[in-house]
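Spelled out from the first residue to the last, the chains are:
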Amino acid sequence: MASKFSATPEELSKIDHNPPKKGWMDTPVEFKEHTFCWGAKGKNLAALELPNARDWSPADEDWKLPENWQKIFLDGMKERLGKYRSFRLFMDICVRCGACADKCHFFIGGGDPKNMPVLRAELLRSIYRRYFTVSGRMFGRAARARDLTIDVLKELWYYYYQCTECRRCSVFCPYGIDQAEITIIGRELFNLLGLNIEWIAGPVANCYRVGNHVGLEPHTITSSVEFFCDDIEDVTGIRINPTFNRKGAEILFVAPSGDLFADPGTYTAMGYLMLFHELGLDYTWSTYASEGGNFGFFTSNEMGKRLNAKIYAEAKRLGVKWILGGECGHMWRVLHQYMDTWNGPADFMEVPVSPITGTRFENAKSTKMVHIAEFTADLIKHGKLKLDPSRNNHLNVTWHDSCNPSRAMGLLDEPRYVLKSVCNNFYEMPENTIREKTFCCGSGTGLNASENIELRMRGGFPRANAVKHVRDAHGVNMMSCICAIDRATLKALMEYWVPDVEISGLHELVGNALIMKGEKERTLDLRLVPLPGKAAKE
Amino acid sequence: MARPTNTNAFSDSAVVPGNGNNCGQSACHAPEAQKEGAAAGTALGRILRDKKKAILTKWLDAIMVSFPSGNSTHFRIKGDQFTNPTGSTISSGLEAIFEGLLSSPFKAKNEELLDGIVRIMAVQDLAPSQSLSFVFSLKRIIREELGAEQADRQLSQQLTDLESAIDGLTLSAFDIFMKCRERIYEIKANEARRANFRLLQMADRIDSVNGRRTAPKGNKLTIKEER
């Protein structure tokens with residue numbers, strides 16, 4: 001472990017501008033404080049029936065691995081090379097052109113060459129070549145192959161938990177190699193050896209036990225929502241009484257549990273509640289399908305499938321026609337690209353049709369699940385909402401394209417359309433930092449822990465730097481987004497890099513602007529902060 | 001508008017005496033010389049401006065060597081503010097700070113530029129000595145570049161004043177570094193607080209913020225235990 005106070009001025013003055021004499025294969029990994037996450041607790045691995053359940057620490061010399069760990073790892077790799085053509089392809093076809101090299105936020109922010117996507121993949125490719133190609137078996141190093149030693153395993157682990165699977169690099173790869181998929185497989189292999197991180201394993205165990213990452217039990221979920229309703233009543237004078245687990249509702253609403261749990265996500269949940277009430281939507285919350293997010297997806301394909309199963313199961317149990325989903329990032333990658341094949345076909349439901357506008361969501365014909373940004377954009381397009389964007393006039397807003405909704409499902413214009421309808425002051429960040437090229441928050445895929453805070457700050461710097469630019473140029477003081485992890489982690493990121501910029505969800509701003517039937521004059525926003533120029537008349 | 005002036009052996013330009021308000025919110029103890037554009041308009045300033053390119057190249061090298069081997073390669077590559085924000089912030093910041101030392105007045109803008117660099121260095125998992133050594137190294141680099149010229153008596157005095165200004169810069173850098181590190185721990189505490197705030201609030205265990213009430217309406221809540 002590197003000491004924080006080791007260097008002397010004399011040592012620092014010895015400047016060597018030559019490249020390192022050793023190649024990357026011979027440069028052993030150094031586990032740096034504030035960069036890696038704690039190892040998973042044995043009780044959580046055991047609860048999930050994951051192998052090699054025991055308490056362990058990545059900082060320890062001994063990782064308490066099974067004796068035949070190499071065989072387990074290589075057998076796992078062989079199985080996945082056979083099962084996933086994409087994995088074999090990505091192991092074979094990279095020509096190391098370097099197009100991806102400077103696109104990773106961790107590399108841009110910290111400079112560690114092993115965080116270049118090409119080299120991060122090469123860490124695993126070298127194993128692939130050594131054990132699964134003829135040239136690698138015969139020529140070893142000359143064929144860029146290397147043995148799977150314990151040091152190599154640790155190096156792989158260290159860097160595969162420094163990838164947020166944001167897929168920015170894949171946008172620039174001429175072959176379309178998806179580093180996220182390589183990281184996903186890498187993490188699956190670690191899980192065969194009991195090498196998950198606690199920040200993933202804990203939420204997954206919670207989710208498996210009670211249905212959501214945060215571990216909210218049914219009575220806590222209902223009281224959270226009721227608490228939001230109290231606040232909404234304070235703001236609007238209107239009492240909302242949402243239903244839970246109601247059979248026969250037309251729509252099941254599934255949100256990330258983070259929105260029920262921590263600010264500023266909670267204000268977004270208030271926005272959902274206000275919108276649905278105003279529409280008179282026939283919908284229900286569920287205390288069972290109480291999590292759209294899926295940290296199982298960061299563990300293994302099977303774990304992702306297992307945690308996702310509750311959404312269709314609950315839809316079937318309640319007999320809803322279709323599902324509406326809240327603002328979450330990786331939740332939507334899972335719902336959009338995996339849920340249908342994992343746990344479908346959802347043939348017991350109908351193609352989603354908005355009961356307000358009659359719009360048929362053909363894009364959700366198969367999954368039967370609609371993103372709330374699409375739903376709200378459709379409402380606004382058809383003039384179904386009365387909005388007063390001036391209530392957000394004190395906010396100069398920019399938009400952060402969360403990685404998964406933007407790159408995994410192309411949800412780029414709908415949220416912008418909504419945002420521009422509910423705010424008068426909207427400013428885009430620079431072109432190469434938004435839309436498909438958006439920068440990650442630096443804390444996704446379960447890396448939003450506390451112990452790796454410096455990694456998070458480094459990885460989030462490219463995003464924060466673009467925010468700083470619009471703050472300086474346009475006085476931006478609010479960044480809005482549609483991802484629960486973003487709402488939690490961008491808050492921390494802004495506190496470090498651009499302290500005067502706040503974070504909100506899209507539907508918090510919708511809730512502010514929404515003119516509700518029978519509401520009192522608004523003097524507070526959803527944070528219960530007085531609206532400028534609209535002070536309460538005592 | 002005319003400003004009160006005083007004379008300084010080091011600077012031939014007008015300065016604001018002792019206003020001490022150019023360090024942002026930090027309590028700045030930097031020597032006064034720092035605040036004026038330390039080599040503004042002097043013979044030393046003119047010489048250093050001629051050698052600016054060489055000095056900045058060496059200064060950039062000095063900061064890059066603070067990073068672990070190989071990590072700085074990307075930061076040296078010319079990129080724009082958004083494709084290479086770390087490298088761009090550092091190299092443009094160093095140049096602007098150097099310009100600030102040569103110009104007058106040496107104002108709060110330099111605090112901001114220094115803040116941009118130090119804020120990056122404070123989260124690179126480096127020792128404080130590694131993070132901030134680049135400021136000290138400017139003195140050595142300038143003397144190296146001056147070579148025999150520094151023996152000139154007039155330059156020697158001016159050089160002493162400039163080095164005093166760089167010392168002031170160093171102190172400011174320490175202020176900023178400490179604030180950054182404190183901020184990191186505040187952020188960790190804030191995250192933990194946010195994670196528990198709503199539940200504690202629901203359980204009526206904490207007072208409100210932002211004018212929130214201290215007790216929930218009605219008797220709907222069923223949990224009273226701290227979770």
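Up top is the structure these notes are about.
Residues numbered from 1 in each chain as written. Chains lettered and ligands numbered in written order. Predicted model: local features only at pLDDT ≥ 70, side-chain atom pairs only at ≥ 80, totals over all residues. Heavy atoms only, no water.

1. Focus: helix 19 (residues 413-422) of chain A
Reasoning step 1: Three or more residues of helix 19 of chain A are buried, namely Pro415, Arg416, Val418, Leu419, Ser421 and Val422 of chain A.
Reasoning step 2: Buried residues along helix 19 of chain A sit in contact with helix 17 (372-381), strand 5 (397-399), strand 6 (478-481) and helix 22 (506-513) of chain A. (Buried < 20%, exposed > 50% of the residue type's maximum accessible area, 1.4 Å probe, protein only. Helix = DSSP H or I, 4+ residues; strand = E, 2+ residues; numbered from the N terminus. Contact = heavy atoms within 4.5 Å.)

2. Focus: the pairing of strand 1 (residues 251-254) of chain A
Within a regular strand, side chains alternate between the sheet's two faces.
Residues and elements named next belong to chain A.
Reasoning step 1: Where burial is concerned, the two faces of strand 1 agree: the one with Ile251 and Phe253 and the one with Leu252 and Val254 are both buried.
Reasoning step 2: Here strand 1 runs beside strand 2 (residues 283-285); their pairing, made up of three bridges, is parallel. For Ile251, the partnering residue across the bridge sits in strand 2 and is Tyr283.
Reasoning step 3: For the segment spanning strand 1, helix 13 (residues 265-279) and strand 2, crossover handedness is right-handed. (Pairing = 2+ DSSP bridges. Right-handed = clockwise from strand over helix to strand, strands pointing away.)

3. Topic: the interface of chain A and chain B
Reasoning step 1: If you look at the interface, chain A gives 67 residues, while chain B gives 57 residues.
Reasoning step 2: Between the two partners, chain A and chain B, sit three salt bridges.
Reasoning step 3: A salt bridge links Glu454 of chain A to Arg181 of chain B; the nearest nitrogen and oxygen atoms lie 2.8 Å apart.
Reasoning step 4: The interface formed by chain A and chain B contains 11 residue pairs in polar contact (both at pLDDT 80 or more).
Reasoning step 5: If you list the elements that add at least two residues to the side of chain A that touches chain B, you get helix 5 (105-110), helix 12 (218-236), helix 13, helix 20 (453-474) and helix 21 (484-497) of chain A.
Reasoning step 6: Per element, the largest residue contribution to the side of chain A that touches chain B is 11 residues, and it comes from helix 12 of chain A. (Salt bridge = Lys/Arg side-chain N within 4 Å of Asp/Glu carboxyl O. Polar contact = N/O pair within 3.5 Å; in protein donor to acceptor, adjacent residues only side chain to side chain.)

4. What to know about the sheet that holds strand 6 of chain A
All names here are of chain A.
Reasoning step 1: Pairing is parallel in the open sheet, where three strands are placed in the order 5-6-7. Every interior strand has two partners, whereas the edge strands, strand 5 and strand 7 (502-505), have only one. When strand polarity is set aside, the average angle formed by the axes of neighbouring strands in this sheet is 35°.
Reasoning step 2: Relative to strand 6, strand 5 is paired through three bridges, and the arrangement is parallel. Among the inter-strand pairings, Val397 is bridged to a residue of strand 6, identified as Met478. (Axes fitted to C-alpha atoms, helices over the stretch in contact; angles between N-to-C directions.)

5. Here's the deal with empty space enclosed by the protein
All names here are of chain A.
Reasoning step 1: In the structure shown here, the tally under the stated rule is seven cavities of 30 Å³ or more.
Reasoning step 2: Counted as a void, the largest cavity has a volume near 180 Å³.
Reasoning step 3: Of all the secondary structure elements, the ones that give two or more residues to the lining of the largest cavity are helix 15 (330-337), helix 18 (403-408) and helix 21.
Reasoning step 4: Looking at the lining of the largest cavity residue by residue, the classes come out as eight nonpolar, eight polar and three charged.
Reasoning step 5: A domain split of the lining of the largest cavity shows at least three residues from each of domain 1 (22-195) and domain 2 (204-513).
Reasoning step 6: In this model, the second largest cavity occupies a volume close to 150 Å³. (1 Å grid on protein atoms, 1.4 Å probe; cavity = no way out; pocket = protein on both sides within 12 Å on 5 of 7 lines; lining within 4 Å. Points joined across faces, edges and corners; volume = space filled by probe spheres on them. Nonpolar A, V, L, I, M, F, W, Y, C, P; charged D, E, K, R; others polar. Domains from an automatic or database assignment.)

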